[in-house]
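# Architecture at a glance
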Amino acid sequence: AADVVEIVFGRLNPRKKFGPEDVLVTTVTGDVFYTGIEGPTDKKYEVKFITPPWTLLFEQMASMKFLNNRAFWPKKDPDASSSSDTLITKSSNVMKGTINTIGKNGIDYYSPRQKKNVTVSLEDLAIVIFAPPPKPPPTVPNTLVAIVSASDGSTLQGTPKELRAGVLTLRDLWGAEHK
């Protein structure tokens, strides 16, 4: 990028208590979101999040860490070099397969080992590593790039479009606009 601007709104103020649906999502472009799972959408392989209210395709996410089970996160994230999704429970069970849906009741995935769909409760999950996307993620444009840091520790990078009356409009690397 030619220039990088960091914009911070408020002081860092992360929450201390979390529910089973509260997650830390890292995208394949490096954005980080502290959010909550709202549930699946009508589209296949997509999940809707509470804050910010938006959806992500599974292929846009690198990992999803469950904040209420932080004590059970592995010291080092597993490789995403596999062609399957990896689910790790708080009891350190490692399951590989293809995630079908992500909702408040759990993650439903196809297990090739068991040859059937299996649902894992969000309360039991520590981390999910998504299979690498089929095509490379968008790269940072060779122009002014803003990295917006929210008070909960979330970060989003993209191209600033407008700053008016204290509201920033940002186009993320996927082309979606956020205020």
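In this report, we go over the structure that sits alongside the text. (Residues numbered from 1 in each chain as written. Predicted model: local features only at pLDDT ≥ 70, side-chain atom pairs only at ≥ 80, totals over all residues. Heavy atoms only, no water.)

### Regarding the overall build of the chain
How we decide: Helix numbers and strand numbers start at the N terminus; a helix is a DSSP run of H or I with at least 4 residues, a strand a run of E with at least 2. Here the radius of gyration uses the C-alpha set of atoms, whereas the globule reference equals 2.2 Å times the residue count to the power 0.38. Classification of residues uses two cut-offs on accessible area relative to the type maximum, computed with a 1.4 Å probe and protein chains only: under 20% is buried, over 50% is exposed, and between them is partly exposed. In what follows, residue pairs with any heavy atoms lying within 4.5 Å of each other are defined as contacts. Note on areas: these come from Shrake-Rupley sampling with a 1.4 Å probe, and a residue is covered only by the protein chains present in the view. Charge assignment in this entry is limited to Lys and Arg as positive and Asp and Glu as negative, and neither His nor the chain termini are counted. A charged residue contributes its charge at one atom only: NZ of Lys, CZ of Arg, CG of Asp or CD of Glu.
When you go through the chain residue by residue, the secondary structure sums to zero helices and 15 strands. Over its C-alpha atoms the chain spans a radius of gyration of 17 Å, differing by no more than 12% from the 16 Å that the globule rule assigns to 179 residues. Dimensions of the chain, computed from the C-alpha atoms along their principal axes, are close to 55 × 35 × 35 Å. Buried positions account for 38% of the 179 residues belonging to the chain. Taking all contacts inside the chain whose residues are at least 6 apart in sequence as the whole, residues at least 24 apart take part in 52%. In the form shown here, the chain has an accessible surface area of approximately 10,200 Å², with 52% of it arising from carbon and sulfur atoms. Looking at charge distribution, the chain has the averaged site of its 22 positive side-chain charges lying 4 Å from that of its 19 negative ones.

### Some details on the pairing of strand β11 (residues 125-129)
Using the following cut-off: One bridge is not enough; two strands pair if DSSP finds at least two bridges between them.
Burial runs high along β11: five of the five residues are buried. Note that strand β6 (residues 61-66) and β11 share three bridges and pair antiparallel. The partner of M64 across the bridge, within β11, is V128.

### A look at the pattern of salt bridges
Oppositely charged side chains are able to pair whenever their charged atoms sit close together. Rule in force here: Definition used for salt bridges: Asp or Glu carboxyl oxygen within 4 Å of a side-chain nitrogen of Lys or Arg.
Scanning the entire structure with this criterion turns up four salt bridges. Its salt-bridge partner being E38, residue K48 comes within 3.7 Å of it at the nearest N-O pair. Pair noted here: K48 is in strand β4 (residues 46-49) and E38 is in strand β3 (residues 32-40), with a separation of ten residues, a long-range link. The class of K48 is partly exposed, set by a relative accessible area of 32%. E38 sits in the partly exposed class, given a relative accessible area of 40%. With its nearest N and O atoms 2.5 Å apart, the salt bridge here joins E162 to R164.

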